[in-house]
Amino acid sequence: MDDAELVGGVLDAAPDPHHAAHQLADLLLAPLADPATAARVGLHPELVDVLRARLGDDPDRVITACQQGAAWVLGRRSVPTEAPWDLVASLPVGTDLPPGLSRTTGETMAQLVIEATTTLRLASPFINRPGLSFLCEPLTVATARGVTLEILLPTRSSEADDALNDLEKAVTRDGSIDHLRMSRFRADAPWAHLKVLTADASAAYIGSANITRAGLAGHNLELGVLVRGPGVRVVEQVLDNYREMGTSTSTSRPS
């Protein structure tokens, strides 16, 4: 952490960072620590002591650090604070969404598929026909417009094969089978209990819902998040690592 960010942390709560920076510089350059004055002007005395130990008694360094710290605070306040995630839920049929929750799991996944322009990756330990039917049409259309769809095949879902066969038929008929990838895993690979749908490595659903009727259609109670931004690349890396450690085959269609 550099001097500007460290000082900025001390000034962060100040209504007027520039004025507080001048007061902080005076406190730091005083011969003795003055906790009472620091508290009176709204600066945490212990944090001021940390800065005294860090910056020493060099006036140029102290004044520069305080000026840069004020600028750091103002710059930070200018950045939009919109949350990079939204809560997503599946609730029992007939249950109203509580205030602050505006997304259901099925519509969130469908939105990600519709918005995707390059890649989609889906991992779920359980998939069945009713669940995948919610996404079958948008997934098919996505492959038709050139989006590469990879499904990390579940290893313990007894109903997944029928659902994925339906998807393959739909993609063959109305989409592009060359853009469908099925990654199968060895029997000794770790069991992927994660439920994830990523789009373009920039947005992802991460939650508790499987691709089943119960998970998506309101029979179960499910919670998850819709995440957007660079953090989704970490999710992609987790999927990459899992595929590399456990893949037995990666084909354009189920075998």
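One can find the structure itself at the top, above this paragraph.
Residues numbered from 1 in each chain as written. Predicted model: local features only at pLDDT ≥ 70, side-chain atom pairs only at ≥ 80, totals over all residues. Heavy atoms only, no water.

Caption draft 1: Layout of the overall build of the protein chain. Helix and strand counts for the protein chain come out as 10 helices and 9 strands. Its C-alpha atoms give the protein chain a radius of gyration of 26 Å, more than 25% over the compact-globule value 18 Å for 255 residues. In terms of overall dimensions, the protein chain has C-alpha extents of about 80 × 40 × 35 Å along its principal axes. When contacts within the protein chain are restricted to residue pairs at least 6 apart in sequence, those whose partners lie at least 24 apart make up 76%. Of the accessible surface of the protein chain, which amounts to about 13,400 Å², a share of 55% is contributed by carbon and sulfur atoms. Between the centroid of the 22 positive side chains of the protein chain and the centroid of its 32 negative side chains there is a distance of 8 Å. (Helix = DSSP H or I, 4+ residues; strand = E, 2+ residues; numbered from the N terminus. Rg over C-alpha atoms; globule rule 2.2 N^0.38 Å. Contact = heavy atoms within 4.5 Å. Areas by Shrake-Rupley, 256 points an atom, 1.4 Å probe, with all protein chains shown as cover. Lys, Arg positive; Asp, Glu negative; His and termini not counted. Charge placed at Lys NZ, Arg CZ, Asp CG, Glu CD.)

Caption draft 2: Summary view of helix H4 (residues 45–55). Among the residues making up H4, those that are buried are Val48, Leu51 and Leu55. Viewed along the axis of H4, the buried residues span an arc of 55 degrees, placing them on a single side of the element. The exposed residues of H4 that point more than 90 degrees off its buried face are Glu46 and Ala53. Just beyond H4, the residue with positive phi is Gly56, at close to 70 degrees. (Buried < 20%, exposed > 50% of the residue type's maximum accessible area, 1.4 Å probe, protein only. Arc of directions from axis to C-beta.)

Caption draft 3: Spatial organisation of the packing of helix H2 (residues 17–29) against H4. Look at H2 against H4: their axes get within 10 Å of each other, and the N-to-C directions meet at 65 degrees. Once H2 is placed against H4, the crossing between them reads as right-handed. Facing H2, whose interface residues are Leu24, Leu27 and Leu28, H4 presents Val48, Leu51, Arg52 and Leu55. Per-class residue counts for the contact of H2 with H4 are 6 nonpolar, no polar and 1 charged. (Axes fitted to C-alpha atoms, helices over the stretch in contact; angles between N-to-C directions. Left-handed = near helix turned anticlockwise from the far one by under 90°. Nonpolar A, V, L, I, M, F, W, Y, C, P; charged D, E, K, R; others polar.)

Caption draft 4: Quick look at the environment of Asp240. Considering the arrangement of structural elements, one finds Asp240 in helix H10 (residues 232–246). Linking Asp240 and Asp174, residues 66 residues apart in sequence, is a C-alpha distance of 28 Å. Among the polar contacts made by the side chain of Asp240, one reaches the side chain of Arg121 at a distance of 2.9 Å. (Polar contact = N/O pair within 3.5 Å; in protein donor to acceptor, adjacent residues only side chain to side chain.)

Caption draft 5: Focus on the pairing of strand E5 (residues 180–185). As paired elements, strand E4 (residues 148–152) and E5 share 4 bridges and run parallel to each other. Note on E5: the bridge partner recorded for Leu149 is Leu180. Following the chain from E4 across helix H8 (residues 160–174) to the adjacent parallel E5, one finds a crossover that is right-handed. (Pairing = 2+ DSSP bridges. Right-handed = clockwise from strand over helix to strand, strands pointing away.)

Caption draft 6: Empty space enclosed by the protein, seen in detail. By the definition in use, this model includes 2 cavities of 30 Å³ or more. In this structure, the largest cavity occupies an estimated 70 Å³ of space. Around the largest cavity, the lining residues are Ala123, Ser124, Pro125, Leu152, Leu153, Pro154, Thr155, Phe185, Trp191, Ala192, Leu194 and Tyr242. Split into classes, the residues belonging to the lining of the largest cavity amount to 10 nonpolar, 2 polar and no charged. Reported here for the second largest cavity is a volume of approximately 50 Å³. (1 Å grid on protein atoms, 1.4 Å probe; cavity = no way out; pocket = protein on both sides within 12 Å on 5 of 7 lines; lining within 4 Å. Points joined across faces, edges and corners; volume = space filled by probe spheres on them.)

Caption draft 7: Up close: unusual backbone geometry. Phi is positive for Asp200, which is not a glycine, with a value near 55 degrees. Looking at the element boundaries, Asp200 is found in the loop between strand E6 (195–199) and strand E7 (203–207). Although it is not a glycine, Ala201 sits at a positive phi angle of roughly 55 degrees. Considering the arrangement of structural elements, one finds Ala201 in the loop between E6 and E7.

Caption draft 8: Region of interest: the side chain of Arg121. Of note, Arg121 is situated in strand E3 (residues 119–123). Of note is the side chain of Arg121, whose polar atom sits 2.6 Å from the side chain of Glu236. If sequence neighbours within four positions are ignored, Arg121 has contacts with Glu150, Val196, Leu197, Thr198, Glu236, Leu239, Asp240 and Arg243.

The analysis is restricted to geometry; functional conclusions fall outside its scope.
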